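# Inside the fold
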Amino acid sequence: MALFIIKPAHLRCAVRAGRLISELRGRNTLCSDRSYTTDGDKRVPKIYTKTGDKGFSSTFTGERRPKEDHIFEALGNTDELSSAIGLAREFCIDKGHTFTHQLDKIQCVLQDIGSNIATPRSSARESHMKRTKFTAEPIVDLETWIDKFTEELPPLTSFILPSGGKGSAALHLARTVCRRAERSVAPIVRSGEADPDVAKFLNRLSDYLFTAARYAAMKEGSEEKIYRRPE
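Read on for an overview of the structure. The shown structure was predicted, so the numbers you read here are calculated from the model rather than taken from an experiment.

## Thoughts on the overall build of the protein chain
Scanning the protein chain from N- to C-terminus turns up 7 helices and 4 strands. Taken across its 231 residues, the protein chain has 46% of its residues classed as buried. Contacts in the protein chain between residues at least 24 apart in sequence constitute 77% of all its contacts with a sequence separation of at least 6.

## Things to note about the packing of aromatic side chains
Within the structure shown, the criterion is met by 7 aromatic pairs. An angle of 70° between the planes, with centres 6.0 Å apart, marks the rings of Phe 99 and Tyr 215 as edge-to-face. In this pair, Phe 99 sits in the loop between helix H2 (70-94) and helix H3 (100-117) while Tyr 215 sits in helix H7 (residues 196-220), placing the two residues 116 residues apart along the sequence. The residues Phe 99 and Tyr 215 share a single accessibility class, namely buried. Plain terms: the ring middles of Phe 134 and Phe 201 are 6.0 Å apart, the flat faces sit at 80° to each other, and that makes the pair edge-to-face. Pair noted here: Phe 134 is in the loop between helix H4 (126-132) and helix H5 (137-152) and Phe 201 is in helix H7, with a separation of 67 residues, a long-range link. Under the relative-accessibility criterion, Phe 201 is labelled buried at 1%.

## Regarding the packing of H5 against H7
Running from N to C, H5 and H7 point in directions that differ by 25°, and their axes come no closer than 9 Å. Regarding the angle of H5 to H7, the classification is roughly parallel. Note that H5 runs across H7; the crossing there is left-handed. Of the residues in H7, those in contact with Pro 138, Ile 139, Leu 142, Glu 143, Trp 145, Ile 146, Phe 149, Thr 150 and Glu 152 of H5 are Asp 197, Lys 200, Phe 201, Arg 204, Leu 205, Asp 207, Tyr 208, Thr 211, Ala 212, Tyr 215, Met 218 and Lys 219. Considering only residue class, the contact of H5 with H7 consists of 12 nonpolar, 2 polar and 7 charged.

## Topic: the environment of Ala 74
One can find Ala 74 in helix H2. When its relative accessible area of 0% is taken as the criterion, Ala 74 is described as buried. It is 8.7 Å that separates the C-alpha atoms of Ala 74 and Ile 188, two residues lying 114 residues apart in sequence. Those residues in contact with Ala 74 that sit more than four places away from it in its chain are Ile 117, Ser 184, Val 185 and Ile 188.

Reading guide: rules and limits
The written sequence of each chain sets the order in which its residues are numbered from 1. Residue-level local features of this predicted model are given only where pLDDT is at least 70; pairs of side-chain atoms are given and counted only at 80 or more, and the full residue set underlies all totals for whole chains, interfaces and linings. For the side-chain quantities, the full set of heavy atoms in the structure was used; hydrogens and water were omitted. For the purposes of this entry, the term helix denotes a DSSP run of H or I that reaches at least four residues, the term strand denotes a run of E that reaches at least two, and both are numbered from the N terminus. Exposure categories follow from relative accessible area, calculated using a 1.4 Å probe and restricted to protein chains: below 20% of the type maximum is buried, above 50% is exposed, and the middle band is partly exposed. Throughout, a residue-residue contact means that at least one pair of heavy atoms, one from each residue, lies within 4.5 Å. By convention, a stacked pair of Phe, Tyr or Trp rings (six-membered ring in the case of Trp) has centres within 6.5 Å and planes under 30 degrees apart, an edge-to-face pair has planes over 60 apart, and any other such pair is tilted. In this analysis, axes come from line fits to C-alpha atoms, helices being fitted only over the stretch in contact, and the angle between any two N-to-C directions falls in the range 0 to 180 degrees. For classification, angles of less than 35 degrees are called roughly parallel, those exceeding 145 degrees roughly antiparallel, those between 65 and 115 degrees roughly perpendicular, and all remaining angles oblique. For any helix crossing, the convention is left-handed if the near helix is rotated counterclockwise from the far helix by under a right angle, and right-handed if that rotation is clockwise. Classification convention: Asp, Glu, Lys, Arg as charged; Ala, Val, Leu, Ile, Met, Phe, Trp, Tyr, Cys, Pro as nonpolar; all other residues, Gly among them, as polar.

Right, here's the structure in full:
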């Protein structure tokens, strides 16, 4: 699956995501390094387009909306979530954790979520929706991973504060960003502008990140900080 960045200030990448999504659905590879430039075209594309200089950006369906629109707010939050997970992943790699491939896949799924959000159903054609449809399959993956972590973890008997080493703390931070992303996506899903499974995935992802944080701390032998009422 290809990586492409979705930012409120740079939505043309989301448009590229929409164009590629139908091809990517049929692949089993996670993050391909294939080049999508035209064969023989050696021109280097510019990173800036200047189309957003007046405070507007385009959705995948071609709508021009203010950058503070709820669509771009949600896109920014999911992009920030992917960045937070990427940072946590680097810490976890340093410690030799074996679940970092799960974080890779989650980041790619978040790109698909961005494509879905960037395609508001009220202005989407059938071809748009076909390319950016989001299904429940990634949710099943999260639940499977959570269950496997939980089988090894000690029972949760107290409130845990973000702690347990750098990887664990970074996963907790990603969890809080995930909750914000979920809050910003919820009204879009309720209005029918995005697939319901987008909200379900983000809700389950916060549970995954919490459980993975605990798992990382346990594997490292790092102490988790337990909440105690201040004296």
